[in-house]
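A look at the structure
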Amino acid sequence: MLKPIRIDRQDPSDHGSHPKPELRHSMVVPVGRRTASWRVPVANPTVSESLVEALHWLGVQHAFGIFGGGIAPFCQAVSNSSIRLIHTRHEAGAAFAAIESSLASGRPAVVIATTGPGVSNMVTGMAAARAEGAKVLFISGTTAAAQRGRGAFQETGGAFSSLSPLFVSGNLFHHASVVDDPAELDTTLARLASGFARRQGFVAHLGLPLAVQTARHEQSLPRVTTVAPGACDPRVGAECAELLASEPFVIWAGFGSRDAADLVQSLAELSGAHVMCTPRAKGVMPERHPLYLGVTGLGGHARVTDYLRHARPTRALVLGSRLGEMSSFWLPELAPESGFIQVDLEAEVFGTAYPEHATVGIQAEIGSFLRELLGAWPVQAAPRVESDPFASLERPLAARPDGAVRPSYLMQEIQREIVDQSDALVITEAGNSFSLGSHLLHFPKSGRYRVSAGFGSMGHATAGVLGAALATGKKAFALVGDGALLMLNEINTAANYGLGAVWIVLNDARYGMIEQGMRSVGWAPFETDFPRADFVAIARAMGADGVRVDREQDVAAALQLGLASLGPFVIDVIIDPSEIAPSGQRNQSLTKQGLSTVPPAAKSFFPEGDS
Ligand SMILES: Cc1ncc(C[n+]2csc(CCOP(=O)(O)OP(=O)(O)O)c2C)c(N)n1
């Protein structure tokens, strides 16, 4: 029977009237929204149509993927809905775009693949989604029960398929299942509704056999409203305020604090504590603020460790970071004498990076914790604000007349033309662009910089930039290596949909990070270079446009072209490979893990030093 769909919840970003005012502060409502694109519900809907309607109601705006016979009915249902469907060139590209769309918007995104290789092509993206804390639902075709074990083409799901482990909840998925019967759909939707309400991300995988995709299923929407866990007990805030106000401490901001940037800054200014950020938290504290120290981990700043050595804060307040390798390299010098107060929604992260140091773990949402802490902060505690001791280290580089573009010069111009002149998002790729971006770009606010520090797959930024551009409706810039853009690019997809994605390619005709890494541990590089690619020709051949830059004088104009371009655009920058990227700590970390006993040979080019 056809039932009208009532959407009577509000987008949580709309702080107007709420249906249940008594729960206003703690309720995280799945991102259902009163939509302008109201559709007349389909009569006698299929499972695919019901699922799509529910996903739309849960806030999904974008689906990315590659079609195939095993998932065709679901693709058709998405295509007929108000969810925007982007048909990509690789399932991994679809996954990376979905991750970045989700992180840029806070909404769940969907990735679609057909049976067999469609599913296996998504695996890297699945792991990246989990590591990045995105909200992504992977939906794939599965083999019908009656055909399983009988040599079905691209057999997927069930007892006989090599891909069956991909339909089990665990370390990869918060929820995974094959929906073998339409009757399972409502329970599955309830699981998705509560999962998508999690602030720390949710990754799910559903397998849908064809017969289930086309079976009739009466439309129903999830009736779950989740009260978020992790609101901070005021007594905890008061105790922490008393402790921290009595001793010098440093704030170590992680990705989990990105939505509480104002509160982090308020705490720093009220207490006088300095702030250091993990790469993914760049901008949580304005990076030109006098109390900002710099980045820790890959591309980090030596001035952070210098400060800790000289100022000797007794404790670090860690906000929303597990302090993993790319955020800390587990450096002992980053651990203050009395250890850490670590605030996180995930209790499993407490004390794991520095097990030998004392850690007080507080399981709470960062914003709620900081509000309690600030509310209880003793008025008599005098702020210890100092001026920025490092400002004088910044020396603008002049364009040199000859030679390829120095990466440091390119970053300076990106700062001036893109970061300072626009509100575009910048995403850096696995490779030298990660450490260069983290080290040399300065962001005034949270949400402008992205890097996959958790899983770090090449191709994450080259394809993720599509999702960022789509979700923000603005230009998004991917700073990528030539190797990564050759590995995976969705330029043709971006051209197809006219997306505002811009790739700035560090074209050095080699896997630069690998080559520099080999040199830095004393190896003679082998097999790292490859023929130089012409990315402008590639861009044009794929329906986009671009410009090549091979001297520093032309960098600014090329970046302006990228900013002004109407569609996808590639800026192919011939860079000087002799300038060593600030990735020294990664190489030292690999050496400690057993890579080489040869003493490091290459030194970082960067005068500030990478920590
Ligand atoms: C899928 C994947 N394979 C391999 C790696 C290891 N890796 C990290 S950086 C890198 C080289 C990157 O070269 P390029 O994209 O040209 O960037 P560059 O460092 O030269 O700027 C490799 C192979 C990875 N991170 N991801």
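Read on for a plain summary of the structure. (Residues numbered from 1 in each chain as written. Predicted model: local features only at pLDDT ≥ 70, side-chain atom pairs only at ≥ 80, totals over all residues. Heavy atoms only, no water.)

1. Considering the sheet that holds strand E5 (residues 135-142)
Read across the sheet, six strands follow the order E3-E2-E4-E5-E7-E6 without closing on themselves; strand pairing throughout is parallel. Taken across any chain shown, the strands that pair with only one partner, and hence form the sheet edges, are strand E3 (84-87) and strand E6 (175-178). The average undirected angle you get between the axes of adjacent strands in this sheet is 15°. Two elements, strand E2 (residues 62-65) and strand E4 (residues 109-113), share three bridges in a ladder whose sense is parallel. Residue pairing in the sheet places alanine 63 in a bridge with valine 110 of E4. (Pairing = 2+ DSSP bridges. Helix = DSSP H or I, 4+ residues; strand = E, 2+ residues; numbered from the N terminus. Axes fitted to C-alpha atoms, helices over the stretch in contact; angles between N-to-C directions.)

2. Describing the site of the ligand
Every one of the 17 residues lining the ligand counts as a neighbour, but Asp482, Gly483, Ala484, Gly512 and Met513 are closest to it. In the model, an oxygen atom of the ligand is placed 2.8 Å from a nitrogen or oxygen of the glycine 483 main chain. Within the side chain of aspartate 508, a nitrogen or oxygen atom sits 3.1 Å from an oxygen atom of the ligand. Alone, the ligand offers 590 Å² of accessible surface; in the complex the protein occludes 77% of this. Going through the elements one at a time, helix H16 (482-487) and helix H18 (512-520) are the ones with two or more residues in the shell around the ligand. Of the residues contributing to the shell around the ligand, the split by class is seven nonpolar, seven polar and three charged. (Near = heavy atom within 4 Å. Polar contact = N/O pair within 3.5 Å; in protein donor to acceptor, adjacent residues only side chain to side chain. Areas by Shrake-Rupley, 256 points an atom, 1.4 Å probe, with all protein chains shown as cover. Nonpolar A, V, L, I, M, F, W, Y, C, P; charged D, E, K, R; others polar.)

3. Topic: the pairing of strand E20 (residues 569-574)
With six of its six residues buried, E20 lies for the most part within the structure. Where burial is concerned, the two faces of E20 agree: the one with Phe569, Ile571 and Val573 and the one with Val570, Asp572 and Ile574 are both buried. By the bridge criterion, six bridges tie strand E18 (residues 501-507) to E20 in an arrangement that is parallel. Looking across to E20, one finds that leucine 506 is bridged to valine 573. Sheet topology note: the strand E19 (residues 545-549)/E20 ladder contains five bridges and is parallel. Directly across from glycine 546, in E20, lies its bridge partner valine 570. (Buried < 20%, exposed > 50% of the residue type's maximum accessible area, 1.4 Å probe, protein only.)

4. Thoughts on helix H8 (residues 234-245)
An ideal rise of 1.5 Å per residue puts 16 Å on 12 residues; H8 measures up with 16 Å between its terminal C-alpha atoms. Those residues of H8 lying buried are Gly237, Cys240, Ala241 and Leu244. Buried residues of H8 fall within an arc of 105° about the axis and therefore sit on the same side. Residues of H8 that are exposed and point over 90 degrees away from its buried face: Arg235, Glu239 and Glu242. In this structure, the buried side of H8 is in contact with strand E9 (249-253), strand E12 (315-319), strand E13 (340-344), strand E14 (359-363) and helix H12 (366-376). (Expected span 1.5 Å × (residues − 1). Arc of directions from axis to C-beta. Contact = heavy atoms within 4.5 Å.)

5. Some points on empty space enclosed by the protein
Counted by the stated rule, this structure contains five cavities of 30 Å³ or more. Reported here for the largest cavity is a volume of approximately 80 Å³. Around the largest cavity sit 15 residues that line it, and Asn432, Gln516, Ile575, Pro577 and Glu579 are the ones nearest its centre. Broken down by secondary-structure element, the contributors of at least two residues to the lining of the largest cavity are helix H14 (432-440) and H18. (1 Å grid on protein atoms, 1.4 Å probe; cavity = no way out; pocket = protein on both sides within 12 Å on 5 of 7 lines; lining within 4 Å. Points joined across faces, edges and corners; volume = space filled by probe spheres on them.)

6. Section: unusual backbone geometry
One non-glycine residue, leucine 323, adopts positive backbone phi at about 55°. Mapped onto the elements of the fold, leucine 323 is located in the loop between E12 and helix H11 (325-328). Positive phi is not limited to glycine here, since alanine 509 has a value of about 55°. Of the residues examined, alanine 509 reaches a relative accessible area of 10% and is grouped as buried.

7. Points about a nonpolar patch on the surface
Side chains of Trp523, Phe526 and Leu595 sit close together on the surface and give an oily, nonpolar patch of about 280 Å² of accessible area. Topologically, tryptophan 523 is positioned in the loop between H18 and helix H19 (535-541). (Patch = residues over 30% accessible without salt bridge, like charges linked within 9 Å, V, L, I, M, F, W, Y side chains within 5 Å. Salt bridge = Lys/Arg side-chain N within 4 Å of Asp/Glu carboxyl O.)

8. A short note on the sheet that holds strand E15 (residues 425-428)
With respect to topology, six strands assemble into an open sheet ordered E16-E15-E17-E18-E20-E19, the strand pairing being parallel. Each edge of the sheet is formed by a strand with only one pairing partner; in this case those strands are strand E16 (449-451) and E19. The mean inter-strand angle of the sheet, taken between neighbouring strand axes irrespective of direction, is 20°. Here strand E17 (residues 476-481) pairs with E18 via six bridges, running parallel. Paired with alanine 476 across the two strands is alanine 501, which belongs to E18.

9. Things to note about the side chain of arginine 448
Along the chain, arginine 448 falls in the loop between H14 and E16. Buried and unpaired, arginine 448 has no salt bridge, with aspartate 423 as the nearest side chain of opposite charge at 6.3 Å. A polar atom in the side chain of arginine 448 sits 3.1 Å from the backbone oxygen of serine 422. Among residues more than four places away in sequence, those in contact with arginine 448 are Ile418, Val419, Ser422, Asp423, Ala424, Leu425, Val426 and Phe443. (Lys, Arg positive; Asp, Glu negative; His and termini not counted.)

10. A few points about the pairing of strand E7 (residues 202-209)
For E7, a buried count of eight out of eight residues is recorded, marking the element as mostly surrounded by other parts of the structure. Both faces of E7 are covered, namely the face carrying Phe202, Ala204, Leu206 and Leu208 and the face carrying Val203, His205, Gly207 and Pro209. Sheet topology places E5 next to E7; eight bridges connect them, and they run parallel. Looking at the pairing, glycine 141 lines up with leucine 208 of E7. Two strands pair when backbone bridges link them, and E6 and E7 are joined in this way by four bridges, in the parallel orientation. Among the inter-strand pairings, alanine 176 is bridged to a residue of E7, identified as histidine 205. Following the chain from E6 across helix H6 (residues 185-196) to the adjacent parallel E7, one finds a crossover that is right-handed. (Right-handed = clockwise from strand over helix to strand, strands pointing away.)

11. A look at the nonpolar core
Ranked by size, the top nonpolar core spans 54 residues in total, and within it Phe138 and Trp503 carry the most contacts. Counting residues per element, this core draws most heavily on helix H3 (residues 91-105), which supplies eight residues. Ranked by size, the runner-up nonpolar core spans 51 residues in total, among them Leu323, Leu479, Val555 and Ile575. (Core = buried A, V, L, I, M, F, W, Y, C linked by side-chain atoms within 4.5 Å.)

12. A few points about the packing of helix H1 (residues 47-57) against helix H2 (residues 72-79)
The geometry of H1 relative to H2 is characterised by a closest axis approach of 9 Å and an angle of 45° between their N-to-C directions. Viewed along their axes, H1 and H2 adopt a mutual orientation that is oblique. The chirality of how H1 crosses H2 is right-handed. Only Pro73, Phe74, Ala77 and Val78 of H2 make contact with H1, whose side of the interface consists of Ser48, Glu49, Leu51, Val52 and Leu55. (Parallel < 35°, antiparallel > 145°, perpendicular 65-115°, else oblique. Left-handed = near helix turned anticlockwise from the far one by under 90°.)

13. A short note on the packing of aromatic side chains
This structure, assessed with the given rule, holds seven aromatic pairs. By the ring-pair criterion, three or more aromatic residues cluster together here, those being Trp252, Phe340 and Tyr354. Over the aromatic face of phenylalanine 255 sits the side chain of arginine 258, whose NZ or CZ is 3.9 Å from the ring centroid. Sitting over the face of the ring of tyrosine 449, lysine 282 holds its NZ or CZ atom 5.7 Å from the ring centroid. (Phe/Tyr/Trp six-rings, centres within 6.5 Å; stacked < 30°, edge-to-face > 60°. Lys NZ or Arg CZ within 6 Å of the ring centre and 35° of its normal.)

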